[in-house]
Amino acid sequence: MTTHTDTPDAVADAALKARHAAMWALGDYAAVAREVIPGLGAVLVDACGVRPGQQVLDVAAGTGNAALPAARAGARVTASDLAPELLDAGRRLAEEAGLALDWERADAEALPFGDASFDVVVSCVGVMFAPHHRAAADELVRVARPGATIGLVSWTPQGFIGQMFAAMRPYAAAPPPGAQPPPLWGDEAHVRELLADRVEDLRAEKRSWPVRFTRPEEFRDFFKRTYGPTIVTYRGIADDPEKVAALDVALADLARDHMDADGRMGWEYLLVTARRSGS
């Protein structure tokens with residue numbers, strides 16, 4: 001298990017993680033999971049072949065987009081996330097559905113679980129937002145048993161969400177030193193380099209997730225209201241009306257460029273499955 005000491009780097013990292021947790025608690029991520037990507041976690045669970053009785057860990061689980069379908073499949077599921085507010089929302093959803101899961105606050109870069117503890121380790125557009133990709137990848141591998149399945153869904157750099165982050169970048173605060181862009185997890189070569197020879201039978205497939213908004217402005221306003229990274233970006237420029245207006249236009253234009261006449265979009269993601277090496 002990874003531990004931290006009170007070195008200057010550790011203190012700075014703790015502050016960074018506190019900001020990340022606060023960011024994801026803003027808005028209403030449960031609405032994003034419910035209204036925009038409601039079945040994406042189930043796609044990942046199916047791809048990983050989750051079976052009854054398996055020990056499953058959902059890393060950066062949010063409100064349980066993958067954890068809940070894994071529990072429905074009969075697995076014994078632990079959902080972990082940095083933001084307690086998201087865990088609370090997920091716990092309520094699980095109770096409403098009559099599902100029993102463990103919900104634990106955890107940093108994806110320092111998971112509080114023992115080595116080789118899980119049969120399946122998944123993350124659905126979650127671990128990609130951990131700032132230090134190598135540390136997060138190390139933890140995914142560490143907690144997986146030899147032969148365990150590791151499954152990931154991540155937005156690609158070229159896809160809609162990757163382009164949304166690129167559109168917000170000029171208006172957002174500079175990332176801290178060492179932090180890597182989240183959509184890199186949607187690049188197959190990057191994921192292969194992170195996991196390297198610690199996994200076998202790595203399979204990666206780009207897919208498209210169907211999304212519909214009636215108008216480009218509806219997408220923009222929904223994300224301004226519900227999605228933590230977008231909310232934080234707007235807060236950072238709130239005292240500059242020209243920048244706010246420019247970002248409003250940029251996000252609406254991005255959605256318009258990706259929409260068909262009926263408001264439908266396809267958001268590209270990378271689905272990765274692999275098997276932990278060892279015996």
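Nothing here was measured: the structure is a model prediction, and the numbers come from that model.

Procedures and definitions
In every chain, residue numbers begin from 1 and rise along the written sequence. Reporting in this predicted model follows two pLDDT cut-offs: at least 70 for local features of residues, and 80 or more for side-chain atom pairs to be given and counted; totals over whole chains, interfaces and linings ignore these cut-offs and use all residues. Computation of side-chain values covers all heavy atoms of the structure but excludes hydrogens and water. A run of DSSP states H or I qualifies as a helix once it reaches four residues; a run of E qualifies as a strand once it reaches two. Both are numbered from the N-terminal end. Each helix should span, by expectation, one fewer than its residue count multiplied by 1.5 Å. Whether a residue is buried, partly exposed or exposed follows from its accessible area with a 1.4 Å probe, protein chains only, as a fraction of its type maximum: under 20%, in between, or over 50%, in that order. Here the arc refers to the set of directions running from the helix axis out to each C-beta atom. Cysteine sulfur atoms are paired as a disulfide whenever they come within 2.5 Å of each other.

Student: Honestly, helix α11 (residues 241-258) in this entry has me stumped. Any pointers?
Tutor: Because the α-helix completes a turn every 3.6 residues, residues three or four places apart line up on one side. For α11, spanning 18 residues, the distance from its first C-alpha to its last is 26 Å, which sits close to the expected 26 Å at 1.5 Å a residue. When we look at burial in α11, the residues that qualify are V244, L247, D248, L251, A252, L254 and A255. For α11, the angular spread of buried residues about the axis comes to 155 degrees, placing them on one side. Residues of α11 that are exposed and point more than 90 degrees away from the buried face comprise E242 and D257.

Student: Help me out: how do you make sense of the state of the cysteines in this one?
Tutor: Two cysteines whose sulfur atoms are joined by a covalent bond form what is called a disulfide. A complete count under the given rule lists 0 disulfides for this structure. Residue C48 stays outside any disulfide, its sulfur separated by 10 Å from that of C124, the closest cysteine. On the basis of relative accessible area, C124 is assigned to the buried category, the value being 7%.

Student: Could you clarify how one ought to interpret unusual backbone geometry in this entry?
Tutor: Backbone geometry follows two general trends: most residues other than glycine have a negative phi, and most peptide bonds adopt the trans configuration. In this structure, V125 takes a positive phi of about 40 degrees despite not being glycine. As for its position among the elements, V125 is in the loop between β4 (118-124) and α6 (133-142). Overall, V125 belongs to the buried group, its relative accessible area being 5%. Unusually for a residue other than glycine, A196 sits at a positive phi of about 50 degrees.

Purely spatial values, then, with no claim about function.
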